[in-house]
Structure formats: structure tokens, C-alpha cells
Amino acid sequence: MKKFILYGLMVILFLTIPLTLTSCQMTIQKEEKQKDIDFTVVPDAELPKEVADFIETKKTGEMKNTYTTDEAVYLIVGYGEQKTSGYSITVNECYLGKDAVYLDTSLIGPTKGEKVDEVPTYPYIVIKIEKREEPVVFQ
């Protein structure tokens with residue numbers, strides 16, 4: 001009887017884990033662009049202290065976050081630890097949809113033949129936009 005219960009529990013476990021894992025996936029559809037949003041890439045020296053501190057504590061993993069001041073919203077995107085130097089980030093789009101601000105970035109690796117240092121790097125970018133009330137969707 002104990003074996004029957006144990007086998008039954010194992011079958012239930014093996015059936016529910018894949019269902020649970022696949023049901024957690026969520027796809028965010030791009031909203032139709034209403035208008036492009038002007039932005040500025042913020043150099044490290046001009047980052048608010050709170051943003052710099054956040055980046056320092058989270059830089060080893062991927063990060064997507066916002067920080068709002070009275071005048072602006074800072075959009076923070078980091079790609080975690082990379083094994084070498086030579087990485088950069090490009091902004092593909094920053095636009096206003098019907099109900100949200102959308103930011104799409106890409107990590108660009110070192111070009112073929114580029115001299116790189118074999119040290120860990122932590123590429124990130126901080127985008128500054130005018131203060132808005134809409135939520136931000138990172139793509």
C-alpha cells in the first residue's frame with residue numbers, strides 16, 4: 001500500500017511540475033507606438049546616488065528597474081556579468097504606447113578580432129526620460 005501511494009505521488013509530481021513551469025511563462029505584446037520618447041543616456045558621473053547604489057548592488061545579475069525623481073524617470077537595464085570586456089548596449093526603441101512606456105535594448109558583444117580583456121564586466125545602461133506616470137515595460 002505504501003509503495004502504491006509513493007508511486008502515485010511521484011506520478012502526480014512529474015505531471016504537475018512541467019505544467020507549473022510552463023504556466024508561469026508570460027509574453028508581453030508590444031503596444032502600438034503612439035510616439036517616440038526623447039531620452040538621454042546618463043554617464044556614471046551624473047547618476048543620482050540611489051541609482052548608482054542600486055547598480056552596484058545588483059550588477060552581477062540582470063536588472064531592469066526605474067527610479068523616479070521630481071523631474072525625471074531613470075530606466076536602468078543591466079545584463080549581468082560578462083566574462084570579458086568589449087560589451088556595449090544599444091537602445092533599439094523608447095516609445096510611448098497606449099498605456100505604457102516601452103524600452104527595448106540589446107547587448108552587443110565584442111566584434112570579431114577586437115582586443116578584449118579577460119576580466120568580468122557588468123554592462124548596464126541608464127536612460128533618462130521626462131517624468132511620466134505610465135508604467136515602464138522593458139523588452
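Residues numbered from 1 in each chain as written. Predicted model: local features only at pLDDT ≥ 70, side-chain atom pairs only at ≥ 80, totals over all residues. Heavy atoms only, no water.

> It is not clear to me how the pairing of strand β4 (residues 72-79) should be interpreted in this structure. Could you clarify?
A regular strand carries its side chains on alternate faces of the sheet. In terms of residue burial, β4 counts as a mostly covered element, since eight of its eight residues are buried. Bridge analysis of strand β3 (residues 62-68) against β4 gives seven bridges, and the strand direction is antiparallel. Its bridge partner being in β4, T68 is matched across the sheet by V73. Two elements, β4 and strand β7 (residues 124-130), share seven bridges in a ladder whose sense is antiparallel. What sits directly across from G78, in β7, is Y124. (Buried < 20%, exposed > 50% of the residue type's maximum accessible area, 1.4 Å probe, protein only. Helix = DSSP H or I, 4+ residues; strand = E, 2+ residues; numbered from the N terminus. Pairing = 2+ DSSP bridges.)

> Sorry, what's going on with the packing of aromatic side chains here?
For any pair of aromatic rings, the description consists of the separation of the ring centres together with the inter-plane angle of the planes. If you walk through the whole model with that rule in mind, you get two aromatic pairs. Relative to Y74, the ring of Y67 has its centre 6.2 Å away and its plane inclined at 45 degrees; by these criteria the two rings are tilted. Taking the centre distance of 5.2 Å and the plane angle of 10 degrees together, the rings of Y95 and Y102 count as stacked. Judged by relative accessible area, which is 2%, Y95 ranks as buried. (Phe/Tyr/Trp six-rings, centres within 6.5 Å; stacked < 30°, edge-to-face > 60°.)

> Just checking my understanding: could you explain the sheet that holds strand β8 (residues 136-138) for this structure?
Pairing between sheet strands relies on hydrogen bonds along the backbone, with the strands arranged either parallel or antiparallel. Strand order in the open sheet formed by four strands is β1-β5-β6-β8, and the pairing between neighbours is mixed. Strand pairing shows two members of the sheet lacking a second neighbour, β1 (35-36) and β8, which therefore form its edges. With eight bridges joining them, strand β5 (residues 88-96) and strand β6 (residues 101-108) adopt antiparallel strand pairing. Following the sheet pairing, T90 is matched in β6 by S106.

> It is not clear to me how the nonpolar core should be interpreted in this structure. Could you clarify?
Nonpolar side chains in soluble globular proteins generally cluster together in the buried interior. Among the nonpolar cores identified, the biggest contains 15 residues, and L75, L103, I127 and I129 are the most heavily contacted of them. Contributing elements (two or more residues each) for this core: β4, β5, β6 and β7. With nine residues, the next largest nonpolar core counts I55, A72, Y74 and I76 among its residues. (Core = buried A, V, L, I, M, F, W, Y, C linked by side-chain atoms within 4.5 Å.)

> Please clarify how the pattern of salt bridges should be interpreted in this entry.
Side chains carrying opposite charge are able to pair once their charged atoms draw close together. This structure, assessed with the given rule, holds six salt bridges. In this structure, E130 and R132 form a salt bridge, with 3.5 Å as the shortest nitrogen-oxygen distance. Residues participating in the shared-partner salt-bridge network are K33, D36 and E93. (Salt bridge = Lys/Arg side-chain N within 4 Å of Asp/Glu carboxyl O.)

> In this structure, what is going on with the side chain of R132? I would like to understand it.
Mapped onto the secondary structure, R132 falls in the loop between β7 and β8. R132 gets classed as buried once you look at its relative accessible area, which sits at 18%. Setting aside residues no more than four positions away along its own chain, R132 makes contact with I37, V73, L96 and V101. (Contact = heavy atoms within 4.5 Å.)

> Just to check I follow, could you spell out the confidence of the model for the protein chain for this structure?
Low-confidence regions, as indicated by low pLDDT, have predicted coordinates that should not be scrutinised in detail. Per-residue confidence for the protein chain gives a mean pLDDT of 84; residues scoring 70 or more make up 78%. Confidence drops under pLDDT 50 across residues 2-28; counting only partners more than four residues distant or on other chains, this segment forms one contact. (pLDDT = per-residue confidence, 0-100.)

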